[in-house]
Structures are given as C-alpha cells and as structure tokens.
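Residue strings, one per chain:
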Amino acid sequence: QCQLSGLWTNDQGSLMEISVLRDNRDFQGQYLTRVTLSGGCAQISPLKGTQQQLGEDGWPTFALTVRWDKFSNATTAFVGQCFVDAGGKEMLTTMWLLREAVGSLEEDWKATR
C-alpha cells in the first residue's frame, strides 16, 4: 500500500516533502525544484493537495498545487497516482500543468504548459 507522506525526488533531482495526511485526506508540504536552478539557490515553495479515498488495491490518486514562491509568478497543478513496483519501491506517476501570469487576454495562449 502506498503512503504519500514523506520525501520524494524526481528524475531531475527536485525534492517534494508531503506532510502526514489529515483525516479528511488533505495534505501540505514543500517543493524544491532543480529545473530552474541557474547557479543560485532555489526557494522552497509551498504545496497543498488532497488524496482520494484508498480503494481495495491501495493505489491512491491525488492532486496537488505548488505556488512557486519568490522566483516565479506561476502555479503548477499535479495529478497522479501512487504505486509500489515489483521491488517494493513506492513511486508517484504524475501529469502537470504550469500556469504563468500574462499581461493580457491576447497572451493567454502562451500562459499554460
């Protein structure tokens, strides 16, 4: 069975820490991205999310948002599911959308990745 709480790392070396799930399955934590590092220190950005009720198989789905604090005017939403591989390693699979602020409705087309 997968537990979302804990420290996670991705293929790019970014770190995500998820606190203990509350009774209502909400959680919070922090994210340190390595993707935007350019020789300086990245800021820790807050995250908030929720986990779906565990099914019989124990592979929970979840959603979370990260507000990129102090270095970007963007927010990213992640949705995913937690699995345990054949070797017993917990793994999160996710898809994400990043939304940057733009100055006008005409620029809206380039605001989401």
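Our subject is the structure that appears above.
In this report, we go over the structure that sits alongside the text. (Residues numbered from 1 in each chain as written. Predicted model: local features only at pLDDT ≥ 70, side-chain atom pairs only at ≥ 80, totals over all residues. Heavy atoms only, no water.)

1. Re the sheet that holds strand β6 (residues 74–84)
Filter applied, for reference: Strands are treated as partners if at least two bridges between them are detected by DSSP. Strands here mean DSSP runs of E at least two residues long; helices mean DSSP runs of H or I at least four residues long; both are numbered from the N terminus. Between the N-to-C directions of two axes lies an angle of 0 to 180 degrees, each axis being a line fitted to C-alpha atoms and, for a helix, fitted only over the stretch in contact.
In space, the seven strands of this open sheet follow the order β1-β2-β3-β4-β5-β6-β7, with antiparallel pairing throughout. Across the chains shown, the open sheet's two edge strands, defined by having one partner strand only, are β1 (6–9) and β7 (90–100). With direction set aside, neighbouring strand axes in the sheet form an average angle of 25 degrees. Here strand β4 (residues 45–51) runs beside strand β5 (residues 61–67); their pairing, made up of five bridges, is antiparallel. The partner of L47 across the bridge, within β5, is V66.

2. Some points on the pattern of salt bridges
Under the convention used in this document: Salt bridge, as applied in this entry: a Lys or Arg side-chain nitrogen positioned within 4 Å of an Asp or Glu carboxyl oxygen. Three exposure classes are used, based on accessible area relative to the maximum for each residue type with a 1.4 Å probe and protein chains only: buried under 20%, partly exposed in between, and exposed over 50%.
The full count for this structure, using the stated rule, is three salt bridges. As a salt-bridge pair, R99 and D108 come within 2.5 Å of each other at their nearest N and O atoms. Note on R99: relative accessible area 38%, which makes it partly exposed. Between R113 and E100 there is a salt bridge, with its nearest N and O atoms 3.5 Å apart. Of this pair, R113 sits in the segment after β7 while E100 sits in strand β7; the two residues are 13 residues apart in sequence, bridging distant segments of the chain.

3. Regarding the environment of F62
As a reminder of what qualifies: The contact criterion used is simple: two residues touch if any of their non-hydrogen atoms lie within 4.5 Å.
One can find F62 in strand β5. For the pair F62 and F78, spaced 16 residues apart in the sequence, the C-alpha separation amounts to 8.2 Å. F62 has contacts with L4, T50, Q51, F78, V79, G80, Q81, C82, L92, T93 and T94, leaving out every residue within four places of it along the chain.

4. Points about the packing of aromatic side chains
Heads up, the condition is: Any pair of Phe, Tyr and Trp rings, taking the six-membered ring for Trp, is counted once the centres come within 6.5 Å. Such a pair is stacked with planes under 30 degrees apart, edge-to-face with planes over 60 apart, and tilted for the rest.
For the coordinates displayed, the defined rule picks out three aromatic pairs. Note on W59 and F83: the rings are 6.1 Å apart at their centroids and 40 degrees apart in plane angle, and the pair reads as tilted. Within this pair, whereas W59 is found in the loop between β4 and β5, its partner F83 is found in strand β6, the two being separated by 24 residues in sequence. A relative accessible area of 27% means that W59 is categorised as partly exposed. By way of ring pairs, the aromatic residues Y31, W68 and F78 are connected into one cluster.

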